[in-house]
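Notes for the structure review
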Amino acid sequence: MKKILLSLHDVTPYFASEIELICRRFDELGALRRTLLVVPDYMRKTPIAGNPEWCRSISAMKASGSDIGLHGIYHEYAECGRLSLDRARTELAASRERFCDAMGYAPSGFVAPQWFQSAGCKIALKELGFLYSGQWRGLYDADGNLLYRAFPTNFDWGNKLFDGFFAWWNPWRLSHKKAGVIRFSVHPMDVRHHLIDGELALLAKLIDAGWSVQSYGDAAREAK
């Protein structure tokens, strides 16, 4: 098995131009089966509800094969890592509802900002019936079972030097990987930090080496 689980994080109108660029580059590589992780109200200042044209552009990519997931609530630091069960039920249900109202359909899965999830958050996600949950260690199903053990390859911690180190290290590290699962996570800030060309060159090299690209939704359904 040589599988790449491809995801684009922080999908919000705030990063509209970066998302358009990245998705166009994905298309050029033939990577249509990717997961787009939508933030309903990025940093409490960019609600998707006020951007119907943008929502239609994301839905058009869904029609072409993209998997659309929910990426937290506001994308504030560790916002899902400190939620009690009661608060997780309330906050995640509200976030999912805002997504559904704006997009016209439900998100397939959930990935928390910075991959931090509390125990209460995990229970609430199961109750809400998400197909998958992307966590630090890998991809999980709705019942909390680990489907694929694979750590993210790219990060956006708000530190250009830290993120740049992993962008430099990944080509060497992944060149030694002959089979298995790679979680290839791309962020809009990779464009602003001038890391995106190197990341996509690595993705193209992996595809040329026979690695197939899948979305989180594809992988979760296949593992069932």
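This is a predicted model, so every value here is computed, not measured.

1. Overview of the overall build of the protein
The secondary structure content of the protein amounts to eight helices and 11 strands. C-alpha atoms of the protein, sized along the principal axes, occupy 45 × 35 × 35 Å. Looking at the protein as a whole, 53% of its 224 residues are labelled buried. Here the analysis covers contacts within the protein between residues at least 6 apart in sequence; of these, 73% occur between residues at least 24 apart. Element-wise, carbon and sulfur atoms account for 54% of the exposed surface of the protein, whose accessible area totals about 10000 Å². The average position of the 28 basic charges and that of the 25 acidic charges among the side chains of the protein differ by 5 Å.

2. Quick notes on the side chain of Ser95
Mapped onto the elements of the fold, Ser95 is located in helix H3 (residues 85-103). Engagement of the side chain of Ser95 in a polar contact is seen with the backbone oxygen of Gly72, the distance being 2.8 Å. Once residues lying within four places of it in the same chain are set aside, the contact partners of Ser95 are Pro40, Leu70, Gly72 and Ile73.

Each value, and the rule that gives it
- Residues numbered from 1 in each chain as written.
- Predicted model: local features only at pLDDT ≥ 70, side-chain atom pairs only at ≥ 80, totals over all residues.
- Heavy atoms only, no water.
- Helix = DSSP H or I, 4+ residues; strand = E, 2+ residues; numbered from the N terminus.
- Buried < 20%, exposed > 50% of the residue type's maximum accessible area, 1.4 Å probe, protein only.
- Contact = heavy atoms within 4.5 Å.
- Areas by Shrake-Rupley, 256 points an atom, 1.4 Å probe, with all protein chains shown as cover.
- Lys, Arg positive; Asp, Glu negative; His and termini not counted.
- Charge placed at Lys NZ, Arg CZ, Asp CG, Glu CD.
- Polar contact = N/O pair within 3.5 Å; in protein donor to acceptor, adjacent residues only side chain to side chain.

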